[in-house]
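# Breakdown of the fold
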Amino acid sequence: MGKDLKLALVVSDTAKAQEGAEALRSAHDWVRTDKADALVVLGGDGFMLHVLHRMLDVGRVVPVYGVNLGTVGFLMNRHRGSRPIAERVARAREVAVVPLEMRARTIGGKEHKYYAINEVSLLRETRQTAKLEVKVNGKVRMAELAGDGVLVATPAGSTAYNLSANGPILPLGCGMLALTPLSPFRPRRWKGAILPDSAEVCFCVREPDKRPVAAVADQKEVRNVAEVLISVAREHQLTLLFDPGKSLEERIFAEQFQV
């Protein structure tokens, strides 16, 4: 990033983030978010996802520099630094993150479109096992996947819910997506698939009245879906900023060696 950037400060409403913001409010001449060249976000990963989604919703996307005042802070930078915040942002390395587009149709015929930075998940709504037909690029690859559900994760999201479901960690920029089953009953030993990010994935819900399924794009949920189409939304690329040597690529790489 260059110098003399117009920066806006966006702070989570948690006590920890609000307390940390006090020192920063007087450390820079902040502007409104709609006038900013970049955002400085204080909070945790959940709040960062909220801010990124809000930019996608309003159609104005600028680079974002996160400061961790949450728990894990996988998408954030460390709180304390020896340099002024404006200098940290100017020195930061840009990392491109491309979200998924989810188009969900309910059993009532209503269409919904949402974006997912981490993953799109299909989850059973009741005690009944979900039954899903899996298509990739219009071709049926699995006539019936029975279990708790399934997800499609981006590389940036591959270390989140996907990893908890025993899905693969994908290096950032690899051009791949992870398709991971959630507690599969049939086929019992299927571990999922790694797909090129050019692929369009379609899930058709079998017996949707008896076995209702919800679709979730990060935090946005659509219940009682009949069909869900997932593809990469390249035109909505996001940019995260990281301190030199602390990039998201390195964090994702390091996760593969955690024991």
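Think of each chain on its own: its residues are numbered from 1, step by step along the sequence as written. Residues qualify for local features only when their pLDDT is at least 70, as the model is predicted, and side-chain atom pairs are given and counted only at 80 or more; totals for whole chains, interfaces and linings, by contrast, use all residues. By convention in this description, side-chain values take in all heavy atoms of the structure and omit both hydrogens and water.

### Comments concerning empty space enclosed by the protein
- A cavity, in this analysis, means grid points on a 1 Å lattice covering only the protein atoms where a 1.4 Å probe fits yet has no way out; a pocket is instead an open set bounded by protein on both sides within 12 Å along at least five of seven lines, and a residue lines either one if it has an atom within 4 Å of a point. Grid points are joined across faces, edges and corners, and a volume is the space filled by probe spheres set on the points. Going through the model one piece at a time under the given rule, you end up with one cavity of 30 Å³ or more.
- Empty space within the largest cavity amounts to approximately 40 Å³.
- For the largest cavity, the full set of lining residues is Leu52, Leu75, Val97, Ile117, Asn118, Ala156 and Leu240.
- Gly is placed with the polar residues, together with every amino acid not listed as nonpolar (Ala, Val, Leu, Ile, Met, Phe, Trp, Tyr, Cys and Pro) or charged (Asp, Glu, Lys and Arg). Among the residues forming the lining of the largest cavity, the class breakdown is six nonpolar, one polar and no charged.

### Let's talk about the nonpolar core
- Counting residues in each nonpolar core, the largest one holds 30 residues, and the members touching the most others are Leu39, Val41, Met48, Leu52, Val64, Leu240 and Leu248.
- At the level of elements, strand E1 (7-11), strand E2 (38-43), helix H2 (45-58), strand E4 (93-97), strand E16 (238-242) and helix H5 (248-255) are the ones that each hand at least two residues to this core.
- Element by element, the count of residues in this core is highest for H2, at seven residues.
- For this analysis, residues touch if any pair of their heavy atoms sits within 4.5 Å. Discounting residues that sit within four places of it in the chain, Val41 has contacts with Val10, Phe47, Met48, Val51, Val64, Tyr65, Gly66, Val67 and Met76.
- In terms of nonpolar packing, the next biggest core, distinct from the first, is built from 29 residues, Ala104, Ala130, Val136 and Leu177 among them. Residues belong to one nonpolar core when they are buried, are Ala, Val, Leu, Ile, Met, Phe, Trp, Tyr or Cys, and are joined through side-chain atoms within 4.5 Å. Under the scheme applied here, a residue whose accessible area is under 20% of the maximum for its type counts as buried, over 50% as exposed, and between as partly exposed, the area being computed with a 1.4 Å probe on protein chains only. Runs of H or I in DSSP of at least four residues are treated as helices and runs of E of at least two as strands, each being numbered from the N terminus.

### Some words on the environment of Glu250
- Tracing the sequence through the fold places Glu250 in helix H5.
- The sequence separation of Glu250 and Leu172 amounts to 78 residues, and the corresponding C-alpha distance is 9.0 Å.

### So, the layout of surface pockets
- Taken as a whole, the largest pocket spans an internal volume of roughly 240 Å³.
- For the lining of the largest pocket, a count of residues per class yields eleven nonpolar, three polar and three charged.

### A short note on the pairing of strand E7 (residues 119-124)
- A pair of strands is treated as paired once DSSP finds two or more bridges between them. Relative to strand E9 (residues 139-153), E7 runs antiparallel, the two being bridged by five bridges. Note that in E9 the partner of Val120 across the bridge is Val152.
- Bridge count between E7 and strand E13 (residues 213-217): five bridges; the pairing is antiparallel. Residue pairing in the sheet places Arg124 in a bridge with Val213 of E13.

### A short note on the pattern of salt bridges
- Here, a salt bridge means any Lys or Arg side-chain nitrogen found within 4 Å of an Asp or Glu carboxyl oxygen. All chains considered together, the criterion is met by 17 salt bridges.
- Across the pair Arg25 and Glu22 runs a salt bridge whose closest N-O atoms are separated by 3.7 Å. Of this pair, Arg25 and Glu22 both sit in helix H1 (residues 15-25), three residues apart, which is roughly one turn of that helix.
- For Arg25, a relative accessible area of 39% corresponds to the partly exposed category.
- One salt bridge in this structure joins Asp34 and Arg32, with 2.7 Å as the shortest N-O distance.
- With a relative accessible area of 54%, Arg32 lands in the exposed category.
- By sharing partners, the salt bridges in this structure join Arg78, Arg88 and Asp243 into a single network.

By themselves, these are just geometric observations and shouldn't be taken as functional.
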